[in-house]
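Structure at a glance
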Amino acid sequence: MLYSRYFIPTIKETPSDAEVVSHQLMLRAGMIRKLASGIYNYLPLGLRSIRKFENIVREEMDRSGAIEMLMPSVQPAELWQESGRWAFYGKELLRFKDRKDAEFCMGPTHEEVITDMVRREIKSYRQMPINFYQIQGKFRDEIRPRFGLMRGREFIMKDAYSFDVDSSAADLSYTKMFDAYMRIFERCGLNFRAVEADTGSIGGSSSHEFMVLADSGEDAIVSCDACRYAANVEKAESPLFTAGYDSNNEPLQKVSTPDMKTIADVAAFLNVAADQTVKTLVYASDSGELVMALLRGDHELNELKLKNHLGWDEIQMATEEQIFACTGSPVGFLGPIGLVMDIPVIADNVVQGMSSVVLGANEKDVHCINARRGRDFEVTRFADIRTVEAGDACPRCASGKLEMWRGIEVGHVFKLGTKYSKALNATYLDANGKEQVIFMGCYGIGIGRTVAAAIEQNHDEHGIIFPLPIAPFHCSVVAVNTKDAAVMSAAEEIYSHLGKSGVEVLFDDRDERPGVKFKDNDLIGIPLRIVVGSKGLAEGKVEMKIRATGEVLSLPLDEVTATVTQLIDAALAYKK
RNA sequence: CGGUGAGUAGCGCAGCCUGGUAGCGCACCUGCCUUGGGAGCAGGGGGUCGCUGGUUCGAUUCCAGUCUCACCGACCA
């Protein structure tokens with residue numbers, strides 16, 4: 001490819017509205033341009049990287065036995081009404097009507113469409129297991145698109161759907177996909193973790209997320225420093241605390257705590273440690289159901305855990321009116337004692353081990369001390385509802401401690417069970433001629449997001465440092481002075497040789513000063529750079545610079561192609 | 001959805017308070033010069049100042065509405 005005839009509109013200045021490095025660099029390197037909020041054009045260079053990654057995904061999906069197809073992005077409302085998600089999915093689902101006033105949506109995911117196809121076509125146990133995948137554009141009307149391709153509204157996704165005769169066969173399909181995902185991200189040279197995750201609006205029984213580690217990641221994850229346990233913080237289990245139950249049997253006592261509304265205030269005022277207090281929160285469902293949650297004072301509630309524990313669709317903090325209605329108290333002095341309304345009191349498991357505590361008295365400016373569960377207040381039930389913290393003991397192994405990371409979710413695998421197949425009546429006949437419900441799994445990879453995450457993890461102050469497997473070109477050839485005939489003809493020859501050897505090479509033949517070319521080449525992150533200049537040429541040599549390490553080699557002209565192809569082969573080789 | 005801020009040349013911004021000929025840097029075009037880390041000189045093109053309405057002799061500037069975009073937040077009890 002001739003740089004002068006190609007299209008790489010680089011930008012010197014950092015665009016003001018790009019927050020994260022990958023977004024800035026993708027704009028500056030001329031990979032993407034914004035069309036509307038969360039909607040991007042993929043320029044030629046960006047597309048090349050995207051295609052590279054797509055092909056790795058494609059190869060590994062094919063290797064695992066999945067079958068590629070393509071589904072439409074516009075989907076009829078009926079399917080979504082049938083699965084029940086038309087009402088459930090909310091505003092993220094972009095809905096519209098056609099000229100006949102029939103309702104449609106832009107597909108944010110394709111469980112309904114694929115299940116509809118499968119229920120029509122898959123009738124026998126003999127046709128399974130089967131796994132369909134596609135690489136396709138999706139649309140989700142995100143609350144707040146940001147970070148460029150990281151959280152766009154329109155985005156490219158690989159999604160796969162497996163269909164099996166029963167739960168254990170489905171587990172096998174899940175494992176195959178899990179392994180394929182490991183290979184995919186390993187092949188890209190990414191530093192990532194597979195973590196246990198919540199299933200969210202997709203539903204299903206269990207799932208793992210694949211997280212590329214990066215400080216700019218939107219998710220917090222924990223992993224054990226001793227065993228293989230790793231989980232999204234949304235999901236991470238809290239280890240059981242064994243607390244010393246103190247035998248102190250002081251009577252419950254009310255104390256005045258004027259204007260002390262936070263745990264920190266109260267603990268400091270009463271001169272007790274925060275872990276001797278109980279934090280009381282009130283949550284409401286979308287239908288107005290209320291529930292009280294109790295946590296150790298220094299712990300944080302995990303709303304998702306509470307929501308899942310309750311089986312609610314939505315959860316939010318109760319309003320001051322709702323709180324007053326059930327406790328008779330203003331916010332800041334809540335507690336489980338003397339409730340006005342009979343609402344469930346869910347206490348975190350840790351509270352079970354607490355003996356004599358400080359908590360709100362449900363009365364303005366008053367807290368209780370020496371409150372004892374069983375004597376002074378009751379708990380409806382205990383559950384794991386707190387957010388884990390770095391340094392917590394591992395919930396799985398005896399010796400480990402949890403470490404915390406930020407991660408970018410690039411892949412997600414779910415065991416769906418029969419959620420969609422039941423709703424859409426996707427069944428088959430088993431060997432006995434008996435009708436059975438199909439077991440499903442679904443598996444997504446954010447294509448654009450993975451490329452962005454790779455940049456997030458591989459860059460320096462000069463620009464992108466593409467891992468070779470997803471680099472838009474393997475190698476560039478820079479002619480230092482295009483007016484120098486000897487330099488140009490040598491550069492052209494190298495370019496042509498490399499091309500014939502199957503190297504994807506970008507020939508920077510522009511009539512620009514060398515500095516400009518070097519800066520652009522660094523910015524767009526081509527892994528290898530051959531520089532042809534008059535000085536080196538006089539000795540029959542050119543220079544090769546490795547972008548990632550900065551290493552510079554002087555090569556005789558006739559060794560260039562061999563050296564380059566060797567480096568590329570090594571970088572692309574994938575050991576299982 | 002709530003809060004804040006911003007829309008002026010392709011990009012980054014000034015001007016607006018105090019109304020009267022729209023400016024700077026980069027980019028772009030032409031010429032000269034230059035060629036190993038975003039050079040220099042000279043000349044040049046490019047704007048319905050987001051949109052709609054109002055006030056005014058006159059609005060980029062003041063007022064109202066509207067659209068778009070960005071950032072922050074969606075917590076604490």
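The rules we used
- Residues numbered from 1 in each chain as written.
- Chains lettered and ligands numbered in written order.
- Predicted model: local features only at pLDDT ≥ 70, side-chain atom pairs only at ≥ 80, totals over all residues.
- Heavy atoms only, no water.
- Helix = DSSP H or I, 4+ residues; strand = E, 2+ residues; numbered from the N terminus.
- Buried < 20%, exposed > 50% of the residue type's maximum accessible area, 1.4 Å probe, protein only.
- Contact = heavy atoms within 4.5 Å.
- Areas by Shrake-Rupley, 256 points an atom, 1.4 Å probe, with all protein chains shown as cover.
- Phe/Tyr/Trp six-rings, centres within 6.5 Å; stacked < 30°, edge-to-face > 60°.
- Lys NZ or Arg CZ within 6 Å of the ring centre and 35° of its normal.
- Pairing = 2+ DSSP bridges.
- Axes fitted to C-alpha atoms, helices over the stretch in contact; angles between N-to-C directions.
- Parallel < 35°, antiparallel > 145°, perpendicular 65-115°, else oblique.
- Nonpolar A, V, L, I, M, F, W, Y, C, P; charged D, E, K, R; others polar.
- Core = buried A, V, L, I, M, F, W, Y, C linked by side-chain atoms within 4.5 Å.
- Polar contact = N/O pair within 3.5 Å; in protein donor to acceptor, adjacent residues only side chain to side chain.
- Patch = residues over 30% accessible without salt bridge, like charges linked within 9 Å, V, L, I, M, F, W, Y side chains within 5 Å.
- Salt bridge = Lys/Arg side-chain N within 4 Å of Asp/Glu carboxyl O.
- Lys, Arg positive; Asp, Glu negative; His and termini not counted.
- Charge placed at Lys NZ, Arg CZ, Asp CG, Glu CD.
- Near = heavy atom within 4 Å.
- Domains from an automatic or database assignment.

Take the overall build of chain A next. Across its full length, chain A holds 16 helices and 31 strands. Projected onto its principal axes, the C-alpha coordinates of chain A cover approximately 95 × 65 × 50 Å. Buried positions account for 53% of the 576 residues belonging to chain A. Long-range contacts, defined here as pairs at least 24 residues apart, represent 68% of the contacts in chain A between residues at least 6 apart. A total of about 25,800 Å² of accessible surface is found on chain A, and carbon and sulfur atoms cover 50% of it.

Enumeration according to the criterion identifies 12 aromatic pairs in this entry. Taking the centre distance of 6.3 Å and the plane angle of 85° together, the rings of Tyr 181 and Phe 185 count as edge-to-face. With Tyr 181 and Phe 185 both in helix H6 (residues 167-187) and 4 residues apart, the pair spans about one turn of that helix. The same class applies to Tyr 181 as to Phe 185, namely buried. Taken together, a centroid distance of 5.1 Å and an interplanar angle of 35° make the contact between Tyr 495 and Phe 507 tilted. Note that Tyr 495 is positioned in helix H13 (residues 485-500) and Phe 507 in strand S28 (residues 505-508), a separation of 12 residues in sequence. Every member of this aromatic cluster is reached through a ring pair, and the members are Phe 53, Phe 178, Tyr 181, Phe 185, Phe 192 and Phe 210. Over the aromatic face of Trp 405 sits the side chain of Arg 193, whose NZ or CZ is 5.0 Å from the ring centroid. Its guanidinium or amino end placed over the ring of Tyr 3, Arg 510 lies 3.7 Å from that ring's centre, counting from NZ or CZ.

For the rest of this paragraph, the subject is the pairing of strand S17 (residues 345-348). Side-chain alternation along S17 places Val 345 and Ala 347 on one buried face and Ile 346 and Asp 348 on a second face that is also buried. Sheet topology note: the strand S15 (residues 290-296)/S17 ladder contains 3 bridges and is parallel. By the bridge assignment for S17, Ala 293 is matched with Ile 346. In this structure, S17 lies alongside strand S20 (residues 381-383), joined through 3 bridges in parallel fashion. Along S20, the bridge assignment pairs Ala 347 with Phe 382.

With that settled, consider the sheet that holds strand S27 (residues 475-479). Spatial ordering of the open sheet is given by S28-S27-S29-S30-S31, a layout of 5 strands whose pairing is mixed. Each edge of the open sheet is held by one strand with a lone partner, namely S28 and strand S31 (552-556). Put simply, the sheet's adjacent strands are angled 25° from each other on average, direction ignored. Examined bridge by bridge, S27 and strand S29 (residues 528-532) share 5 bridges and lie parallel to one another. If you follow Cys 475 over to S29, its bridge partner there is Leu 528. Running over the sheet, H13 touches S27, S28, S29 and strand S30 (541-546) and is turned about 165° from S27.

Spatially, S16-S14-S15-S17-S20 is the arrangement adopted by the 5 strands of the open sheet, whose pairing is mixed. Looking along the sheet, the strands with just one partner apiece sit at the ends: strand S16 (316-317) and S20.

This paragraph deals with the packing of helix H1 (residues 21-28) against helix H12 (residues 447-457). Running from amino to carboxyl end, H1 crosses H12 at an angle of 105°, the nearest separation of the two axes being 8 Å. As judged from the angle between their axes, H1 and H12 are roughly perpendicular. Seen from H1, the contacting residues are Val 21, Ser 22, Leu 25 and Met 26; seen from H12, they are Val 451, Ala 452, Ile 455 and Glu 456. Of the residues in the contact of H1 with H12, the class split is 6 nonpolar, 1 polar and 1 charged.

Met 31, Phe 53, Tyr 181 and Phe 185 are the most contacted members of the largest nonpolar core, which totals 57 residues. Counting residues in hydrophobic clusters, the runner-up holds 26 residues, among them Leu 79, Trp 80, Tyr 428 and Met 440.

Here Asp 365 shows up in the loop between strand S18 (356-363) and strand S19 (366-372). Those residues in contact with Asp 365 that sit more than four places away from it in its chain are Val 255, Ser 256, Thr 257, Pro 258, Asp 259 and Phe 333. A polar contact of 2.9 Å, which involves the side chain of Asp 365, links it to the backbone nitrogen of Asp 259.

The next subject is a negative patch on the surface. A contiguous patch of negative charge on the surface is contributed by Asp 286, Glu 289, Asp 313 and Glu 314. Relative to the helices and strands, Glu 289 resides in the loop between strand S14 (278-284) and S15. Relative accessible area serves as the criterion here: at 43%, Glu 289 is assigned to the partly exposed category.

Neighbouring RNA strand B are 42 residues, the closest being Arg 144, Glu 300, Ile 323, Asp 522 and Glu 543. Here RNA strand B approaches the protein such that, of its atoms within 4 Å, sugar and phosphate make up 46%. Arg 28 places a polar side-chain atom, nitrogen or oxygen, 3.5 Å from a base oxygen of RNA strand B. In the environment of RNA strand B, a sugar or linking oxygen lies 3.4 Å from a nitrogen or oxygen atom belonging to the backbone of Gly 332. Elements supplying a minimum of two residues to the surface near RNA strand B: S14, helix H14 (514-524), S29 and S30. Examining the composition of the surface near RNA strand B, we find that 7 residues originate from one element, H14, more than from any other. Residues belonging to the surface near RNA strand B are distributed by class as follows: 13 nonpolar, 8 polar and 21 charged.

This part covers the domain arrangement of chain A. Assigned domains of chain A: these are domain 1 (17-237 + 404-456), domain 2 (253-383) and domain 3 (473-572). Taking only C-alpha atoms into account, the centre of domain 2 sits 67 Å from that of domain 3.

Across the 6 residues that make up strand S11 (residues 219-224), a large majority, 6, are buried. Residues Asp 219, Ile 221 and Ser 223 of S11 are buried on one face, and the alternating residues Ala 220, Val 222 and Cys 224, pointing to the opposite face, are buried as well. In this structure, S11 lies alongside strand S21 (residues 402-417), joined through 6 bridges in antiparallel fashion. From the neighbouring strand, Val 222 faces S21, where its bridge partner is Met 404. The sheet contact formed by S11 and strand S12 (residues 230-232) spans 3 bridges and is antiparallel. Across the sheet, the residue bridging to Ile 221 is Asn 232, located in S12. Following S11, the chain reverses through 5 residues before pairing antiparallel with S12.

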